[in-house]
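Structural features, examined
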Amino acid sequence: MLVADRLITGDGKTVIEQGAVVLRGKRILAAGRAEELRRLFPEEEIRLPGCTLMPGMIDMHTHIGYYYGEKNAERLAEDRMLRAYFIGKRMEDTLKAGVTTIRDMSSADGIGTVLKEAAAAGYLRAPRIVTSLRGLCITGGHGCSMTGAVEEVDGAEAVRRAVRRNIRDGADCIKLLDSEAYRGEEFNQEELDAAVAEAHRFGRKVAAHAGYGPSMEMCIQAGCDSIEHGTHLRVEQAERMRDNGQTWVPTIYVFHYAYELVKNNLADGDLSSNGAYLKDTVETYRDMFKKLYDTGVLVATGTDTDACSHPQASPVARECDLMVQYGISPMEAIACATGNGAKALGLSDSLGLIREGCLADLLAVRGNPGENIRALEDVQAVWQEGICVYESESAHLCK
Ligand SMILES: [Zn+2]
């Protein structure tokens, strides 16, 4: 039994003071007030004084093994072994940040499925991975330079084949890349419709990179399950997404991070030329986030920082911090990073909540993130399916 100052269950509102979670195997057997659970389950306790226990976080937008902006990118490009070590380290760091599930929104070498196999065999520790394998774009479209990670396809029939190929190779979901910065739509409606219909026929969800103009509109129309970035999403579109059950994964922090690089003259050529767009996007998120959130559209956190070689893996805590700065409560931001992500993945029966029967993916942070969201950065311990996979040096919890 884990006992903490409080539990935050991940539903956006429930806090249980002096709470406890009873673990059985991979799952949560019971959760509630410690004094009641002690009577029902007289068993050994791991105490977490000064800590809050919450569900492990979910990063809905990562790119496993994107190394394109790393200092030693050339070596990483030519040496698969070196790349594997790089990726292993990123996975370990992701867990240490309290992120127990990631959705991989395109990566090279089929690494998503390889990593799942390696983690299952016990070769390394990795978060639970929901992978799209290769992303799909039109010839010359956004992402086409990501060799091996993004495939160029044109025409509805070719799109269907590419979706099937990805599913054959182990994709859990499908990623479409459609529109870059202010550039308009890329896939035509027939292609988008074909991708969604084919993916849904095989029970896979579709995530669409879209941010601007008709592109977002067409992706919403096609029934894509999530809009990634949605940098210039309008209120009326968010309302329709809410009604359709579509999710918005805004990725606010990565744009701030990229813009800071540009402002400080630390960005590479690609990013530097995008300065005006980055500034506009940062300001649009700032002005619109709360209005869009208030429509009731399901919002889930995604980082996308692998695309900019951010020094820290999966900074979901930073994304939550910005959401709070832009007007939602810390409890709501925590739900975006836990329960909402699970809902968007269609896994809310087993993930993202502290609730009887859910998988015991848990996170202990020092302090109370329900009041001060920055506490999410002070990770003390992480459990994955009931096993402690990380403990900070000061924690001494679970040996
Ligand atoms: Zn991305």
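This text gives an overview of the structure that appears in the document. Model, not experiment: these values are computed from the prediction. (Residues numbered from 1 in each chain as written. Predicted model: local features only at pLDDT ≥ 70, side-chain atom pairs only at ≥ 80, totals over all residues. Heavy atoms only, no water.)

**Describing the pairing of strand β17 (residues 387-391)**
- Here strand β16 (residues 379-384) pairs with β17 via four bridges, running antiparallel. When the bridges of β17 are listed, Gln 384 appears paired with Ile 387.
- Counting the residues that bridge the hairpin from β16 to β17 gives two residues, and of these Glu 385 lies at a positive phi of roughly 45°. (Pairing = 2+ DSSP bridges. Helix = DSSP H or I, 4+ residues; strand = E, 2+ residues; numbered from the N terminus.)

**With respect to the coordination of the zinc ion**
- Each protein donor to the zinc ion is listed here as His 61 (NE2), His 63 (NE2) and Asp 304 (OD); together their distances run 2.1 to 2.3 Å.
- Written as a sequence motif, the donor residues of the zinc ion are H-x1-H-x240-D. Note that His 63 is positioned in the loop between β5 (57-62) and α2 (73-78) and Asp 304 in the loop between β14 (298-299) and α12 (316-325), a separation of 241 residues in sequence.
- With a relative accessible area of 9%, Asp 304 lands in the buried category. (Donors = N, O, S within 2.8 Å, 3.2 Å for Na, K, Ca; no water. Buried < 20%, exposed > 50% of the residue type's maximum accessible area, 1.4 Å probe, protein only.)

**Focus on empty space enclosed by the protein**
- Enumeration over the complete set of coordinates arrives at three cavities of 30 Å³ or more.
- Each pocket or cavity is described by its volume, and for the largest cavity that value is around 110 Å³.
- Forming the walls of the largest cavity are 15 residues, and the residues nearest its centre are His 63, Ile 64, Arg 90, Met 91 and Asp 306.
- Classifying every residue of the lining of the largest cavity by side-chain character gives six nonpolar, six polar and three charged. (1 Å grid on protein atoms, 1.4 Å probe; cavity = no way out; pocket = protein on both sides within 12 Å on 5 of 7 lines; lining within 4 Å. Points joined across faces, edges and corners; volume = space filled by probe spheres on them. Nonpolar A, V, L, I, M, F, W, Y, C, P; charged D, E, K, R; others polar.)

**A closer look at the packing of aromatic side chains**
- Tallying each qualifying case throughout the model produces five aromatic pairs.
- Measuring from centroid to centroid gives 5.8 Å for Trp 248 and Phe 289, while their planes differ by 40°, and the two rings are tilted. With Trp 248 in strand β13 (residues 247-249) and Phe 289 in helix α11 (residues 275-293), this residue pair connects regions lying 41 residues apart in the sequence.
- When its relative accessible area of 0% is taken as the criterion, Trp 248 is described as buried.
- Relative to Tyr 293, the ring of Phe 289 has its centre 6.1 Å away and its plane inclined at 40°; by these criteria the two rings are tilted. With a gap of four residues between them, Phe 289 and Tyr 293 both fall in helix α11, about one helical turn apart.
- Phe 289 gets classed as buried once you look at its relative accessible area, which sits at 0%.
- Classification of Tyr 293 as buried rests on a relative accessible area of 15%.
- The structure contains a cluster of three or more aromatic residues connected by ring pairs, namely Trp 248, Phe 289 and Tyr 293. (Phe/Tyr/Trp six-rings, centres within 6.5 Å; stacked < 30°, edge-to-face > 60°.)

**A few points about the packing of helix α9 (residues 252-263) against α12**
- Across the interface, α9 lies against α12 with an axial gap of 8 Å and an inter-helix angle of 95°. If you check the angle between α9 and α12, you find them roughly perpendicular. Residues Ile 252, Tyr 253 and His 256 of α9 lie in contact with α12, whose contacting residues are Arg 318, Glu 319, Leu 322 and Met 323.
- Taken together, the residues that form the contact of α9 with α12 break down as four nonpolar, one polar and two charged. (Axes fitted to C-alpha atoms, helices over the stretch in contact; angles between N-to-C directions. Parallel < 35°, antiparallel > 145°, perpendicular 65-115°, else oblique. Contact = heavy atoms within 4.5 Å.)

**A closer look at the side chain of Glu 186**
- With respect to the helices and strands, the residue Glu 186 is situated in the loop between β10 (173-177) and α6 (189-201).
- Beyond its immediate chain neighbours, meaning those up to four positions away, Glu 186 contacts Ile 138, Gly 141, His 142, Leu 177, Asp 178, Ser 179, Glu 180 and Glu 191.

**Overview of the pairing of strand β7 (residues 128-131)**
- Residues of β7 alternate between two faces, with Arg 128 and Val 130 on one and Ile 129 and Thr 131 on the opposite face, all of them buried.
- A crossover links strand β6 (residues 99-104) with its parallel partner β7, the connecting element being helix α4 (residues 111-120), and its sense is right-handed. (Right-handed = clockwise from strand over helix to strand, strands pointing away.)

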